[in-house]
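# Inside the fold
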Amino acid sequence: MIDKNVKVIYSKKEISLKNKKIIITYGTYDMLHHGHMRLLKRAKELGDYLIVGVTDEIYDRSRGKLNVSESTKKRMKAIEELDFVDKVILETHKNQKAEDMVKYNVDIFAIGDDWVGAFDYLNEYTKVHYLARTEGISSTKLRKETFDIIKIGMVGLGHDTQAFIDEAEFVSNVKINRIYSEDFIAIKAFTKDNEEIRYGHDNYDEFLDTSIKAVYVNTTAEKHYTLIKKALEAGKHVLCENPLAIDKNELKELLSLAKKENKVLLTALRTAFLPAFSQLLKELDSGVIGDIREVRATRTNLLKEMNYPDSFIAQGATNLFASYPSLLVNKVLGKRENISFFDQLEDGYDTSNLIVTTHKNGALGVARVATGMKSEGDAVISGNKGYIYIPSPWWQTKIFYVRFEDEHKSYTYNYELEGCGLRYMIAEFSSLIQRGNRKSKKLMPSDMVAINRVLLDYNEFKKENKEEGK
Ligand code: C2G
């Protein structure tokens, strides 16, 4: 089996540069500054032909660089415009440097001395040259000077509140300092010894009437609509746990309100923002497994054993978990044509559900969720040339296997996933706000509607079944 990390995954024109000394260097080059420029110029002076590898966004996120303010396209363009740079390439994965040394027959690999020692392994392929870094300038410093810190207020106090606060620490341009909950006593207790969250509110209007620029809503689903609506009307960007609304018309209304107010409204589906998940979609887009015939994804958690309160579990397995498999099904197969539910109920709520959807050309989506049954939480995407397997827990996508009938052609993608994965979502939310983009390509409003619709349809189905049973 091939490890994708050592495979050349794009092809460029062969370079024939006889008797020329080839230099290569890599970087993010966010907000290109004179520190970058000095390094690039000195790198060029080491030889005749300078190749610059610009890191792509997925790769940067996977190596913990969450705060890049410019798009990959913009950063590449800025480097392409430098007349002393001869070739610009995209750097997409960790082992690419070693591959490039061979591919481009590189004489010298140059990089700033903040990396001293880190690339000594490349001496096996070329000569590694560390150049002095320019003091007093950095992209981090420029970002701090250029952009305001985005203050986020937390709405609701629950199981995951602290995890969100902890993860936001890794996103440098956000600050969380306020929280709202109807439960005044709980809020008092939470903020009492909390170093970051100093301000607790039990009045939502007062909470919104502060300097916060955005809110993160994590309450029970039936409160989402009102909380989101008020926040958007108060000019705040909104990140909200799924479902955004439990009524079709309410969801539409919220999306058009976000559009009217020119604010971000994003569902907090963390899987959508993981670097490995983005890479997975990119891989599928390239057609590597052919026409996709089926997407199968499972998510089960025995919540009782995890000490979740009964009231939480009573929301039902579908409401709690279906959004994750629905995200994968929707991203890969697009709009669905039909939907069927095969649920098992206990005390009036579903402890498991098998959701089958049909899509264009008869492709099938098979989503399995459960809180009263434990199963393998993996996902398989099957095509007519091969399949992709994501091991459990697939929704915390880290590794995936691309497999074919001829197993020698199979390969693996393996990514680091820092923390519990929330930081990538917070980084995407803040970068949308910072870049003035309302929509995330990773989770478009149409995706949010399709994912939300599965829940709405199931609740409708349950209601009809109840009425019929009467
Ligand atoms: N640099 C510099 N002086 C600065 C800032 C950066 O000389 N004040 C250099 C860095 O040492 C690096 C290059 O400019 O060689 C690009 O820096 P970044 O954009 O920060 O990229 P970086 O994360 O260092 O990329 O594959 C990516 C590379 O391994 C490293």
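Starting from 1, residues in each chain are numbered consecutively following that chain's sequence as written. Owing to the predicted nature of the model, reporting of local features is limited to residues with pLDDT of at least 70; listing and counting of side-chain atom pairs is limited to 80 or more, with chain, interface and lining totals taken over all residues. No hydrogens and no water enter the side-chain calculation; it runs on all heavy atoms of the structure.

Turning next to the site of the ligand. If a single non-hydrogen atom of a residue is within 4 Å of a molecule or strand, that residue counts as near it. Near the ligand lie 21 residues; those nearest to it are Glu91, Lys97, Asp114, Trp115 and Ile137. Pairs of N or O atoms are called polar contacts if they sit within 3.5 Å, as long as, within protein, a hydrogen donor faces a hydrogen acceptor (for residues adjacent in sequence, only side-chain-to-side-chain pairs). At 2.8 Å from an oxygen atom of the ligand is found a main-chain nitrogen or oxygen belonging to Tyr29. One of the side-chain nitrogen or oxygen atoms of Lys97 is found 2.7 Å away from an oxygen atom of the ligand. With residues, only the protein chains shown are counted as cover, and all accessible areas are computed by Shrake-Rupley using a 1.4 Å probe. In isolation the ligand offers 620 Å² of accessible surface; the protein chains occlude 96% of this area. Among the secondary structure elements, those contributing two or more residues to the shell around the ligand are β2 (22-27), α1 (34-45) and β5 (108-112). Counting from the N terminus, the helices are the DSSP runs of H or I reaching at least four residues and the strands are the DSSP runs of E reaching at least two. The element best represented in the shell around the ligand is α1, accounting for three residues. Taken together, the residues of the shell around the ligand break down into seven nonpolar, eight polar and six charged. Side-chain classes follow a simple rule in which Ala, Val, Leu, Ile, Met, Phe, Trp, Tyr, Cys and Pro form the nonpolar group, Asp, Glu, Lys and Arg form the charged group, and the remainder, Gly included, forms the polar group.

Our focus in this paragraph is helix α3 (residues 72-80). Only protein chains enter the calculation, and the probe is 1.4 Å; a residue is then buried if its accessible area is under 20% of its type maximum, exposed if over 50%, and partly exposed in between. Thr72, Arg75, Met76 and Ile79 are the residues of α3 that are buried. Down the axis of α3, the smallest arc covering the buried residues is 100°, so these residues share one side. Exposed and facing more than 90 degrees away from the buried side of α3 are Lys73 and Lys74. In what follows, a contact means two residues having at least one pair of non-hydrogen atoms within 4.5 Å. Contacts from the buried residues of α3 go to α1, β3 (49-55), α2 (57-62) and β4 (87-91). Our arc is simply the arc of the directions from the helix axis toward the C-beta atoms.

A separate point is the pairing of strand β10 (residues 214-217). Residues of β10 alternate between two faces, with Ala214 and Tyr216 on one and Val215 and Val217 on the opposite face, all of them buried. Strands are labelled as partners when DSSP assigns at least two bridges between them. When strand β7 (residues 150-155) meets β10, the two strands line up parallel, connected through four bridges. The residue of β10 that forms the bridge with Met154 is Tyr216. Handedness is read with the strands pointing away from the viewer; a crossover is right-handed when the path from the first strand over the helix to the second is clockwise. In the classification by handedness, the crossover that spans β10, the intervening helix α9 (residues 221-233) and the parallel strand β11 (residues 237-240) is right-handed.

All right, on to the nonpolar core then. Judged by nonpolar contacts, the single largest core of 88 residues is most densely connected at Leu328 and Ile381. When residues in this core are grouped by element, the largest group, eight residues, is from helix α15 (residues 422-435). Discounting chain neighbours no more than four positions away, the residues touching Leu328 are Phe277, Leu280, Val295, Ala297, Ala379, Ile381 and Trp394. Listed in part, the 18 residues of the second largest apolar core include Ile23, Leu39, Met76 and Val88. Only buried residues count toward a nonpolar core, which is a set of Ala, Val, Leu, Ile, Met, Phe, Trp, Tyr and Cys residues joined through side-chain atoms within 4.5 Å.

Turning our eyes to something else, we now look at the sheet that holds strand β9 (residues 199-201). In a beta sheet, neighbouring strands are held together by backbone hydrogen bonds and run either parallel or antiparallel to one another. Sheet architecture is open: six strands sit in the order β9-β8-β7-β10-β11-β12, paired in parallel fashion. Both edges of this open sheet fall to β9 and β12 (265-267), since each of them pairs with a single strand only. Pairwise comparison of adjacent strand axes, ignoring direction, gives a mean angle of 25° for this sheet. Angles run from 0 to 180 degrees between N-to-C directions of axes, and those axes are lines fitted to C-alpha atoms, restricted for helices to the stretch in contact. Here helix α6 (residues 161-168) sits on the sheet in contact with β7, β8 (174-180), β10 and β11, set at roughly 160° to β8.

Turning to a nonpolar patch on the surface, a few remarks are in order. Patches here are clusters of residues that have more than 30% relative accessible area and form no salt bridge, with a 9 Å joining cutoff for like charges and a 5 Å cutoff for nonpolar side chains (Val, Leu, Ile, Met, Phe, Trp, Tyr). Put simply, a salt bridge is a Lys or Arg side-chain nitrogen that is within 4 Å of an Asp or Glu carboxyl oxygen. On the surface, Val102, Tyr121 and Tyr125 cluster together into a nonpolar patch covering about 300 Å² of accessible area. On the secondary structure map, Tyr121 appears in the loop between β5 and β6 (127-131).

Right, let's get into the sheet that holds β6. Ordered by their spatial adjacency, five strands build an open sheet running β4-β3-β2-β5-β6, and the pairing between neighbours is parallel. On the outer flanks of this sheet lie β4 and β6, each paired with one strand and no other. Ignoring which end each strand starts from, the neighbouring axes of this sheet average 25° apart. Judged from the two bridges that link them, β2 and β5 form a sheet pairing that is parallel. Paired with Ile23 across the two strands is Ile108, which belongs to β5. Helix-sheet contacts for α1 involve β2, β3, β5 and β6, and the interaxial angle to β3 is about 145°.

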